[in-house]
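Here is what each chain is made of, one letter per residue.
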Amino acid sequence: MAYNRSRLKSSLPRKVRIGANRNVAPKADGNETSEASFLADTTPTVDPSAIRNRAATRTVATKRRIQRRVTPLEVLQQPLQAGVRKVFDLRRLVYVIILTTLVLLLPQPEGLSVEGHRALALFVFTGSILALEPAPLPIAALLVPIMQIALGIDQAPGAFAPFGTPVVFLILGSLFLAEALRKHGLTRRLALYAIVGSSGRFHLLLLGLMVITGGLSMFVLNTATAAVLIPVVITIAQQIPNPDDGRKALIVLLLAIAHSSSIGAIATIMGSGENAIASGLLTQDGTFGFLDWMQYGLPIALLLLPLSWFILPRIFKMPAIVLETGPARQELQRVGALTGPERKIIVVLAISVTLWITGASLESFLQLPATLLSSAVIAIGAVALLSVEDVVDWNDLKGVNWGVFFVIGAGLTLGDALTKTGASVWFADLVAPALQGLPYVAILAALILMTFALTQFLNNVPLGAILTPVLITLGNATGIDPVRLVIPAIFTVALAFSLPSGSARMTLIAVTGAVSSKDMVRSALWVGIPGAVVIFLFFYLASNLGFI
């Protein structure tokens, strides 16, 4: 079956090439025939065969230029499908089943119940199916509660109950807010302000874009923020006249979006999936709310963001580039002042942030019903208010990434199964003697080193789902506050910069074709390692000062 594709005209400058054969640029020496000269050659005095040859040559050259050119529209469409496996990989599924069966066939460990033994098998099943992804990640995540039922650990109501925990709906609210930002172009307007405010100086522009990305990722899921801003930075890079400088700038801008969205998400519970899983399990172990997380996450984000901004341009030896700000100013004049929906989004988001921070205190002061101003209630309430104001509707919201919902639920399901069967306590009792007597600094260093190494190869959300329940129980068994183990590990998980598989943000920039694997590894070494050191020093000092 053949399809006729309409040819899209691109308004992008011809001098910058993205993707394959990026070093090839159109020559200005007459090799590309202008329309005027082509028309001149069609006079009867010219050999008709020469005309046909010249026209064929021009057609081939045009096709090659179209193939080399990647427009922001294409890059925006590709990330929506990036990293999504379309069908089951039977071989990988067999590996998962074999590993799970081997655990079940092993003799029941001493001191562990039958249900606990099965929970260990569930742990191996969850880790392997989320890491190997024999099916699309959301489907793989849904198999976790099904396996829990099949192993006889719990019945359906209990197995699926974690999918209804408040933190899951907090993330859903975050995704809905991201859709509102995308629909009304508020992120694009912010990028235009950054261009104008930087006076075209690249380093200031980079800082402005990273601050915008990091700030949005605090309250909107980081992957959604990155997906919205990637086409914007591609267009910015294509305004740089020098092709070599444009390619370097594009690499730096894309990596900056990926890094700053991951770093900004550290600051709050709703910034990423692994944060939501960790917060949900810590809440089961004790009171741990939005502000509790933010008092650790915000300082780390404020430290890592300028660090990444300082290092990234130096890795790629960025020259001093000054962009023309005229087009950005003209575009701002064209779009005019803030529209009604944009103003409503800003007001609703500002009120939501205020309530997320002060909700618990207001509940007590106003004697409101408990949890009425909890983070999840506020997030869903904000979306409902935007819907009432006709800013978003269900047609907008049903297109969000629902897969995140399932992955978070799977992580919470695993933690619940390990806890109620006693498997986590058994494991902690097994490991605790080796940690007894070790200073916190040694445990912290080993934990961050291990987590940083793992997150470079495993997707950060499943890794957070696997590590959190184990660290909570380990902390309880060793007398270490679980927060002192879980939070540093989850923050380190965010530094997954070396491979597209490390996080959805890295997948998004990989599919643009502008950032190579070598560039990712360089950024992971030069930004990720110092970032891990900053996390270690922060928690070491906080521990010594009694803040954690």
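The structure contained in this document is the topic of the report that follows. Small disclaimer: the values here were computed from a predicted structure and weren't measured.

## Details of empty space enclosed by the protein
A complete count under the given rule lists 3 cavities of 30 Å³ or more for this structure. For the largest cavity, the calculated volume is near 50 Å³. When contributions to the lining of the largest cavity are tallied by element, the ones reaching two or more residues are helix H8 (166-183) and helix H11 (222-237). Element by element, the count of residues in the lining of the largest cavity is highest for H11, at 3 residues. In the lining of the largest cavity, the residues fall into 6 nonpolar, 2 polar and no charged.

## Points about the layout of surface pockets
The computed volume of the second largest pocket comes to approximately 690 Å³. In terms of lining, the second largest pocket is formed by 29 residues, of which the most central are Phe 288, Gly 289, Phe 290, Ser 374 and Ser 375. Those elements that place two or more of their residues in the lining of the second largest pocket are H8, helix H13 (273-285), helix H14 (290-315), helix H16 (340-366) and helix H17 (375-388). When its residues are assigned to classes, the lining of the second largest pocket shows 14 nonpolar, 13 polar and 2 charged.

## Notes on the packing of aromatic side chains
Tallied over the entire structure, the rule returns 9 aromatic pairs. Ring geometry for Phe 288 and Trp 293: centres 6.2 Å apart, planes at 75°, overall edge-to-face. The class of Trp 293 is buried, set by a relative accessible area of 0%. Measuring from ring centre to ring centre gives 5.7 Å for Phe 290 and Trp 356, while their planes differ by 20°; the resulting arrangement is stacked. Note that Phe 290 is positioned in helix H14 and Trp 356 in helix H16, a separation of 66 residues in sequence. No difference in accessibility class separates Phe 290 from Trp 356, as the two residues are buried.

## Some points on unusual backbone geometry
Excluding glycine, residues mostly have negative phi values, and the peptide bonds linking residues are mostly trans. Look at Gln 367: it is not a glycine, yet its phi comes out positive at around 55°. Topologically, Gln 367 is positioned in the loop between H16 and H17.

## Notes on the pattern of salt bridges
Under the counting rule described, the total for this entry stands at 9 salt bridges. Between Glu 179 and Arg 182 there is a salt bridge; the shortest N-O distance is 2.6 Å. You can see Glu 179 and its partner Arg 182 sitting in helix H8, 3 residues apart, about one turn around the helix. The exposure class of Arg 182 is partly exposed, given its relative accessible area of 42%. Close ionic contact of Lys 344 with Glu 389 constitutes a salt bridge, the shortest N to O distance being 3.2 Å.

## Considering the environment of Val 233
Structurally, Val 233 can be placed in helix H11. The buried category is assigned to Val 233, whose relative accessible area is 1%. For Val 233 and Ala 191, which are 42 residues apart along the polypeptide, the C-alpha to C-alpha distance reads 8.4 Å.

## Quick word on the packing of helix H12 (residues 243-265) against helix H25 (residues 517-544)
Where H12 meets H25, the axes come as close as 11 Å, and the angle between the chain directions of the two elements is 55°. Between H12 and H25, the angle is such that the two are oblique. For the pair H12 and H25, the sense of crossing is right-handed. Contacts from Ile 251, Leu 255 and His 259 in H12 reach Asp 519, Ser 523 and Val 527 in H25. Among the residues making up the contact of H12 with H25, the classes are represented as 3 nonpolar, 2 polar and 1 charged.

Rules and cut-offs
Residues numbered from 1 in each chain as written. Predicted model: local features only at pLDDT ≥ 70, side-chain atom pairs only at ≥ 80, totals over all residues. Heavy atoms only, no water. 1 Å grid on protein atoms, 1.4 Å probe; cavity = no way out; pocket = protein on both sides within 12 Å on 5 of 7 lines; lining within 4 Å. Points joined across faces, edges and corners; volume = space filled by probe spheres on them. Helix = DSSP H or I, 4+ residues; strand = E, 2+ residues; numbered from the N terminus. Nonpolar A, V, L, I, M, F, W, Y, C, P; charged D, E, K, R; others polar. Phe/Tyr/Trp six-rings, centres within 6.5 Å; stacked < 30°, edge-to-face > 60°. Buried < 20%, exposed > 50% of the residue type's maximum accessible area, 1.4 Å probe, protein only. Salt bridge = Lys/Arg side-chain N within 4 Å of Asp/Glu carboxyl O. Axes fitted to C-alpha atoms, helices over the stretch in contact; angles between N-to-C directions. Parallel < 35°, antiparallel > 145°, perpendicular 65-115°, else oblique. Left-handed = near helix turned anticlockwise from the far one by under 90°. Contact = heavy atoms within 4.5 Å.

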